[in-house]
Amino acid sequence: MIARVRAGDPEAYAELVRAHTGIALRAAAVLGAGADAEDVVQQAFVKAYCALGRFKEGSAFKPWLLSIVANETRNTVRTAARQRTLAGREAAFAEAEPLIPESADPAVAAVEIERRTALQSALEKLSEEHRLVVTYRYLLEMDESETAQALGWPRGTVKSRLNRALRRLEKLLPDFEPRKGGDERE
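Residues numbered from 1 in each chain as written. Predicted model: local features only at pLDDT ≥ 70, side-chain atom pairs only at ≥ 80, totals over all residues. Heavy atoms only, no water.

### Here's the deal with the packing of aromatic side chains
At step 1: Considering all chains together, one arrives at five aromatic pairs under this definition.
At step 2: Aromatic side chains Y13 and Y49 sit 4.9 Å apart centroid to centroid with 65 degrees between the ring planes, which places their arrangement in the edge-to-face category. Placement of the pair is Y13 in helix α2 (residues 10-30) and Y49 in helix α3 (residues 37-50), with a sequence separation of 36 residues.
At step 3: Using a relative accessible area of 10% as the deciding quantity, one classes Y13 as buried. (Phe/Tyr/Trp six-rings, centres within 6.5 Å; stacked < 30°, edge-to-face > 60°. Helix = DSSP H or I, 4+ residues; strand = E, 2+ residues; numbered from the N terminus. Buried < 20%, exposed > 50% of the residue type's maximum accessible area, 1.4 Å probe, protein only.)

### Here we look at the side chain of E72
At step 1: Residue placement: E72 occurs in helix α4 (residues 61-80).
At step 2: A polar contact of 2.5 Å, which involves the side chain of E72, links it to the side chain of K47. (Polar contact = N/O pair within 3.5 Å; in protein donor to acceptor, adjacent residues only side chain to side chain.)

### Some remarks on the nonpolar core
At step 1: Ranked by internal contacts, the top residues of the largest apolar core, which has 47 residues, are F61, L66, V69, V134 and Y136.
At step 2: Only α1 (2-6), α2, α3, α4, α6 (106-124), α7 (128-139), α8 (144-151) and α9 (155-172) provide two or more residues apiece to this core. (Core = buried A, V, L, I, M, F, W, Y, C linked by side-chain atoms within 4.5 Å.)

### Looking at α2
At step 1: Here α2 is 21 residues long and its end C-alpha atoms lie 30 Å apart, about the 30 Å a rise of 1.5 Å per residue gives.
At step 2: By the largest-angle criterion, H20 marks the main kink of α2, which is about 50 degrees.
At step 3: The N-terminus of α2 is capped by D9, whose side-chain oxygen sits 3.0 Å from the backbone nitrogen of E11.
At step 4: Directly after α2, the chain includes G32, whose backbone phi takes a positive value near 115 degrees. (Expected span 1.5 Å × (residues − 1). Bend = angle between axes of the 7 residues up to and from the residue.)

### With respect to the side chain of S67
At step 1: The topology assignment puts S67 in helix α4.
At step 2: With a relative accessible area of 16%, S67 lands in the buried category.
At step 3: Sequence-distant contacts of S67, that is, excluding residues within four places in its chain, are made with Y136 and A150. (Contact = heavy atoms within 4.5 Å.)

Here is the structure:
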């Protein structure tokens, strides 16, 4: 696909944008862009297009794009000189992807909302590095190598920071039970 874009095929980049807009919006929202998430993502796609000459042949596009989204989110938050509240981030995250299907049992839905709120609150208490690694690995469902590529860290650094972040989350959420289906830690 990248080769088609580099060869001047405008539809090829449009396909990349369509394929990655959802995850880019979720990343921007979770990383704090709030209401500015769409603007951040649009700017990230423009920057990615302009930087395609520096894209390494054979690399995965998604982690590369998400690192640009993360940088744009940081820049937007800094430039705006305002800190998003937990409620604003949760609302933006909820808009990016429905959290609970409408058909869900209200009691189950209430517990799920409580769990997400507790998790988001605990994530806010982590250092930026730990919050980023948990967000990329679990909330954005990237594998270890994609997370390493997106963050520009060696794989071993991703493993160690993720391990420390998960241990910290366990302390912050002592009564938090993982969803059925097993623990995702490696």
